[in-house]
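Residue-level listing of the chains:
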Amino acid sequence: MSFEHHSVVSLKDENWITKQRLAGACVAECLSLAEDMVLNGGVSGKDIEAACVQVMKNHDCTATFLNYKNSFPASICLSINKQMVHGIPTDEKIKDTDVVKVDLGATYQEAIADSAITVCKSPGIHKEMINACQESLYNGIQQISLNKRLGSIGSGIAYVAKKYKYGLITNYGGHGLDWNKPHSEPFVANKDQSKNGIRFQSGMTLAIEPMLTMSNTKTRVLSDGWTVVTDSVSAHWEHTIFIHADRIELMTHRIKEKVAREIKFS
């Protein structure tokens, strides 16, 4: 993911943590609702967007990416099949076999949380890729400790992609978060570079987001200026995490999550 460049990684305090937890809870509720809507069937991207907007209102949050860069026209990103990220919701009904990626951010008093899921009612041959992408997210997160470098995340992600032999997107990746800035330093690369990057520090908050494809990793942007597509069906998972002195906290943790909300450093 590209973003405005900043020279300093901002470490956050308890004021940020309190607000980001509220934003993260909002995002988690939105994505859980979106997942249920896709699995129940008969909905459009616009239906999911409207439901998420209502959840944000209930949480006193705003949609982080609405009018992002004075351009993005929706409150959530919804990308289907070969659309990888930054897709724009439409009124077209989602099919049972569609691989749907829902990506959204919520802002609470300028603190931001950002997360994405991939869901399909009848995933067929894409089920393993979807699961592998989620596993790569968890494996990337679990590489974090205060004695390691930022590139360890990408190494954990790349290990899983290689294990299952799926294409790994490396020209997009994760990012830091700052007050009213959804994309700030550092960039979190989805590639094997464990010896590169700054060392993890308590107070860092990151959005980690691997993207896998069934095969080819070539990407292009559609004429709408936003939707990124690949040559094969893709998956995308993302969590916002906060690094404490002794643990990692998944700020966008969902109730049905496969891992714990907090991961202690070993």
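Each remark here, short or long, concerns the structure printed above.
All of these numbers come straight from a predicted model, not from anything done at the bench.

Undergrad: I'd like a rundown of unusual backbone geometry, residues and numbers included.
TA: In this model, E185 is joined to P186 through a cis peptide bond whose omega is 5°. Mapped onto the elements, P186 comes out in strand β8 (residues 181-188). In this model, D60 sits at a positive phi of 60°, which is unusual for a non-glycine residue. By the element assignment, D60 lies in the loop between α2 (45-58) and β1 (62-63). Since its relative accessible area comes to 61%, D60 is described here as exposed. Positive phi is not limited to glycine here, since K165 has a value of about 65°. Mapped onto the fold, K165 is located in the loop between α4 (151-164) and β6 (167-168).

Undergrad: Any details on the side chain of H183? Residues and values, ideally.
TA: Within the secondary structure layout, H183 lies in strand β8. A distance of 2.8 Å separates a polar atom in the side chain of H183 from a polar atom in the side chain of Y68.

Undergrad: Quick rundown of the pattern of salt bridges? Include the residues and the values.
TA: By the definition in use, this model includes 13 salt bridges. A salt bridge links D47 to K93, with the shortest nitrogen-to-oxygen separation between them at 3.6 Å. On the criterion of sequence distance, the pair formed by D47 in helix α2 and K93 in the loop between β3 (83-85) and β4 (100-108) is long-range, its members being 46 residues apart. One salt bridge in this structure joins D246 and R247, with 3.0 Å as the shortest N-O distance. Take D246: its relative accessible area is 34%, and that puts it in the partly exposed class. A network of salt bridges, in which partner residues are shared, links D246, R247, E262 and K264.

Undergrad: So what about the sheet that holds strand β11 (residues 219-221)? Which residues, and what values?
TA: With antiparallel pairing, the 3 strands of this open sheet are ordered in space as β3-β12-β11. Both outer strands of the open sheet, β3 and β11, are each paired with one neighbouring strand and no more. With strand direction ignored, the average angle separating the axes of adjacent strands in the sheet is 40°.

Undergrad: Break down the pairing of β8 for me, with residues and values.
TA: The buried fraction of β8 is high, at 6 of 8 residues. Relative to β8, strand β7 (residues 174-178) is paired through 3 bridges, and the arrangement is antiparallel. Note that in β8 the partner of G174 across the bridge is V188. The antiparallel hairpin formed by β7 and β8 contains 2 residues in its connecting segment, where N180 sits at a positive phi of about 60°.

Undergrad: If you had to explain α4 to someone new, which residues and values would you point to?
TA: Residue pairs three or four apart in sequence face the same way in an α-helix, which turns once every 3.6 residues. Taking 1.5 Å per residue as the helical rise, α4 with its 14 residues ought to reach 20 Å, and the 21 Å between its terminal C-alpha atoms agrees with that figure. Three or more residues of α4 are buried, namely G151, S152, I153, G154, S155, G156, I157, A158, V160 and A161. Just past α4, the residue K165 takes up positive phi, approximately 65°.

Undergrad: With reference to specific residues and values, describe the packing of aromatic side chains.
TA: Following the criterion strictly, the structure yields 4 aromatic pairs and no others. Between the aromatic rings of Y68 and W226, the centroid separation amounts to 6.2 Å while the plane-to-plane angle is 45°, which identifies the pairing as tilted. On the criterion of sequence distance, the pair formed by Y68 in the loop between β1 and β2 (77-80) and W226 in the loop between β11 and β12 (228-230) is long-range, its members being 158 residues apart. As far as burial versus exposure is concerned, Y68 and W226 are alike and both buried. Centre to centre, the rings of F72 and W226 are 5.2 Å apart; their planes meet at 80°, and the pair counts as edge-to-face. Of this pair, F72 sits in the loop between β1 and β2 while W226 sits in the loop between β11 and β12, and the two are 154 residues apart along the sequence. Accessibility assignment for this pair places F72 and W226 in one class, buried. Of the aromatic side chains, those joined through ring pairs into one cluster are F65, Y68, F72 and W226. The ring of W16 carries K12 above its face, with NZ or CZ at 4.8 Å from the centroid.

Undergrad: Can you explain the sheet that holds strand β14 (residues 239-243)? Please cite residues and give values.
TA: Spatially, 6 strands are ordered β8-β7-β9-β14-β15-β16 in an open sheet, and the strand pairing comes out antiparallel. The open sheet has two free edges, formed respectively by β8 and β16 (262-264), since each of these has just one partner strand. Here the strands of the sheet are splayed against their neighbours by 30° on average, with no regard to which way each runs. Each of β7, β9 (205-208), β14 and β15 (247-250) touches helix α1 (residues 14-40); the most contacted strand, β14, lies at about 155° to it.

Procedures and definitions
- Residues numbered from 1 in each chain as written.
- Predicted model: local features only at pLDDT ≥ 70, side-chain atom pairs only at ≥ 80, totals over all residues.
- Heavy atoms only, no water.
- Helix = DSSP H or I, 4+ residues; strand = E, 2+ residues; numbered from the N terminus.
- Buried < 20%, exposed > 50% of the residue type's maximum accessible area, 1.4 Å probe, protein only.
- Polar contact = N/O pair within 3.5 Å; in protein donor to acceptor, adjacent residues only side chain to side chain.
- Salt bridge = Lys/Arg side-chain N within 4 Å of Asp/Glu carboxyl O.
- Pairing = 2+ DSSP bridges.
- Axes fitted to C-alpha atoms, helices over the stretch in contact; angles between N-to-C directions.
- Expected span 1.5 Å × (residues − 1).
- Phe/Tyr/Trp six-rings, centres within 6.5 Å; stacked < 30°, edge-to-face > 60°.
- Lys NZ or Arg CZ within 6 Å of the ring centre and 35° of its normal.
- Contact = heavy atoms within 4.5 Å.

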